[in-house]
Amino acid sequence: VSLIELQQSYIQGFRNSALTVVWIMLAGSIVAMFQYKGNKQTKQDIIVEIAAVYCHDDIRMNCESFSTTVYVDPDILKERGEEAFAVHGISNDEINHGANFKQVWLRFLKWIDDVVNSATKYDSESDDDMAQPEILEDPVVVLVGHNSIRFDFPLLLCELLRHNLPTAMFERWHFTDTLHIFKDLNQYGCIKLQCLAKETNTDPGHCHRALDDCITLREITNIFAQRIGISTCLLYTSPSPRDQRGS
């Protein structure tokens, strides 16, 4: 089953159930490595940075984040590092000080477990500003990214397979691509992350740095949800955000 088919089936499930959800905004940076077989050139993207931000249902909450560079073979950096640096601005020194992908992935999974086990919600029907948060019971994890169905999610799967690491979590997690959401809001024209940041007066930080991209995307989705009068969570799950206005 393709990731796009998974996304469509999971979104339908969100609309038809009372699932409790932990939203994880995900982004990554890469270095592109080119290989030659005969006269044919192939491209292999390698992750050099992973970051994620927990997106609480209450947009007023300052939420947990995860960010780290990933160690890459110095020979690859020697060949491709300078070109990649011009895009994402991550120095070879930063990459050399990163942990290897297996260690990074295990830390990321541990971070997600910590978020899931401490995720909270507030009673939306309560008028009490001092209401205590409640721990979410058995929440599902949803990874959210921009152009992630074509890029981030498949790239993560490739890295896991390349390092002979388990991929079973991809059968448990759910996925949402905000690029598809913003395509429906086509009155805003360009839907690249940097264009959306400019249009919404959102500080993009350092473009193509993973954590900055996560924070930027979270802010943009909050703004768009407010513009059309729905919650950010409903924006994530709606195949046609305009149709949800006022619902």
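Counting of residues starts from 1 at the beginning of each chain's written sequence and follows it residue by residue. For a predicted model such as this one, the threshold for reporting local features is a pLDDT of at least 70, and the threshold for listing and counting side-chain atom pairs is 80 or more; totals across whole chains, interfaces and linings nevertheless cover every residue. Just so you know, side-chain values use all the structure's heavy atoms and leave hydrogens and water out.

Q: I tried to follow the environment of Ala-51 on my own but got confused; where do I start?
A: A run of H or I in DSSP counts as a helix once it spans at least four residues, and a run of E counts as a strand once it spans at least two, with each numbered from the N terminus. For Ala-51, the position within the fold is in strand 2 (residues 40-55). Exposure remark for Ala-51: the relative accessible area of 0% places this residue in the buried category. As a C-alpha pair, Ala-51 and Leu-211 span 160 residues in sequence and 4.9 Å in three-dimensional space. The contact rule is simple, with two residues in contact once any of their heavy atoms fall within 4.5 Å. The contact partners of Ala-51, leaving out residues within four places of it in the chain, are Met-25, Leu-26, Ala-27, Phe-66, Ser-67, Ala-210, Leu-211 and Cys-214. Burial classes follow relative accessibility: with a 1.4 Å probe on protein chains only, a residue under 20% of its type's maximum area counts as buried, one over 50% as exposed, and anything between as partly exposed.

Q: Looking at this model, I keep getting lost on helix 2 (residues 74-88). Mind explaining?
A: Working note: α-helix, 3.6 residues per turn, so residues spaced by three or four point in the same direction. When the terminal C-alpha atoms of helix 2 are compared, their 17 Å separation across 15 residues is substantially less than the 21 Å that a helix rising 1.5 Å per residue should span. A residue's bend is given by the angle between axes fitted to the 7 residues ending at it and the 7 residues starting at it. Taken as a whole, helix 2 carries its principal kink of about 65° at Arg-80. Of all the residues in helix 2, the buried ones are Ile-76, Leu-77, Arg-80, Gly-81, Ala-84 and His-88. Downstream of helix 2 by a residue or two, Gly-89 has a phi angle that is positive, lying close to 75°. By definition here, a helix of n residues has an expected span of 1.5 Å times n minus one.

Q: Honestly, the nonpolar core in this entry has me stumped. Any pointers?
A: Nonpolar side chains tend to gather and get buried jointly when the protein is soluble and globular. As used in this record, nonpolar core signifies buried Ala, Val, Leu, Ile, Met, Phe, Trp, Tyr and Cys residues forming a set joined through side-chain atoms within 4.5 Å. In terms of nonpolar packing, the biggest core is built from 32 residues, with Ile-24, Ile-50, Trp-105, Phe-108, Trp-111, Phe-170 and Trp-173 touching the most fellow members. Of all the elements in the fold, those that place two or more residues in this core are strand 1 (21-37), strand 2, helix 4 (101-118), strand 6 (140-145), helix 5 (152-162) and helix 6 (169-172). Of the residues forming this core, the biggest block, eight residues, is contributed by helix 4. Ignoring anything within four residues of it in the chain, the contact list for Phe-108 reads Leu-26, Ala-52, Phe-66 and Trp-173. Core analysis: the next-biggest nonpolar cluster, separate from the first, contains 27 residues, Leu-193, Ala-210, Cys-214 and Tyr-236 among them.

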